[in-house]
Amino acid sequence: AQTVTQSQPEMSVQEAETVTLSCTYDTSESDYYLFWYKQPPSRQMILVIRQEAYKQQNATENRFSVNFQKAAKSFSLKISDSQLGDAAMYFCAYRSRSGNTGKLIFGQGTTLQVKP
Amino acid sequence: EAQVTQNPRYLITVTGKKLTVTCSQNMNHEYMSWYRQDPGLGLRQIYYSMNVEVTDKGDVPEGYKVSRKEKRNFPLILESPSPNQTSLYFCASSPTRFTNEQFFGPGTRLTVL
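Residues numbered from 1 in each chain as written. Chains lettered and ligands numbered in written order. Predicted model: local features only at pLDDT ≥ 70, side-chain atom pairs only at ≥ 80, totals over all residues. Heavy atoms only, no water.

**Brief notes about the state of the cysteines**
Two cysteines whose sulfur atoms are joined by a covalent bond form what is called a disulfide.
Residues and elements named next belong to chain A.
Here's step 1: For the coordinates displayed, the defined rule picks out two disulfides over all chains.
Here's step 2: Each disulfide pairs two cysteine sulfurs, and for cysteine 23 the partner residue is cysteine 92, the sulfurs being separated by 2.0 Å. Because the sign of the S-S torsion sets the handedness, a value of about -70° for the bond joining cysteine 23 and cysteine 92 places this disulfide among the left-handed ones. Of this pair, cysteine 23 sits in the loop between strand E3 (19-21) and strand E4 (24-26) while cysteine 92 sits in strand E10 (residues 88-96); the two residues are 69 residues apart in sequence, bridging distant segments of the chain. (Disulfide = S-S within 2.5 Å. Helix = DSSP H or I, 4+ residues; strand = E, 2+ residues; numbered from the N terminus.)

Below, the structure is given as structure tokens:
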């Protein structure tokens, strides 16, 4: 069974600085998606960035980028020029492209604090 | 506007009193799913549905029921809620189970006393 692990329950960053959130996963599959979701205090789940495993190029969305290391099963999120609005809980998630259930498998979450 | 809606957003109830959390999507998605979120555990899948009249258990289905009579609706039913079902619940949908994104509803905060 696939698992996703976020080993940092809490992180903090100074406004305008860069922070990296870590995520590792375990799977025997070769074709899958990886995601980072943001959950602000409103509790809405917001997709930040996605990566398709067959693509070697790391995904980028404005200030958000990932470091996808398929062999190491690592998927970290880098937030550049951190803003106060980036403060939230961040979830790493995995979805198989061939499984039966279609479920997203989530990590435990990392709470990011942004200091002014 | 394309969206997933859930009702109610907040609910406080007592042990044993049957309740239903509704979920509706307006994107003609085949796949719908329910998750619960608990501190330190992330989100875990409760039930999912591939299409109308096709549902199956996820990782934590005990104490829950679902139905999919129409494509747009996927209600979550707690026939006899217990305090361990106090949680934050999310409904999600996607075009198919293979799509690279699931669209989430706003969440329902349930407290069972």
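Still more ground to cover, so stick around.
**A closer look at the environment of Cys91(B)**
Residues and elements named next belong to chain B.
Here's step 1: Mapping cysteine 91 onto the fold places it in strand E9 (residues 87-94).
Here's step 2: Taking the relative accessible area as the measure of exposure, cysteine 91 reaches 0% and is therefore buried.
Here's step 3: When near neighbours in sequence (up to four residues on either side) are disregarded, cysteine 91 contacts Val4, Gln6, Cys23, Met32, Ser33, Trp34, Phe103, Phe104 and Gly105. (Buried < 20%, exposed > 50% of the residue type's maximum accessible area, 1.4 Å probe, protein only. Contact = heavy atoms within 4.5 Å.)

**Here's the deal with a nonpolar patch on the surface**
Here's step 1: On the surface, Ile12(B), Val14(B) and Leu113(B) cluster together into a nonpolar patch covering about 320 Å² of accessible area.
Here's step 2: Tracing the backbone through its elements, the reader meets Ile12(B) in strand E2 (residues 10-13). (Patch = residues over 30% accessible without salt bridge, like charges linked within 9 Å, V, L, I, M, F, W, Y side chains within 5 Å. Areas by Shrake-Rupley, 256 points an atom, 1.4 Å probe, with all protein chains shown as cover. Salt bridge = Lys/Arg side-chain N within 4 Å of Asp/Glu carboxyl O.)

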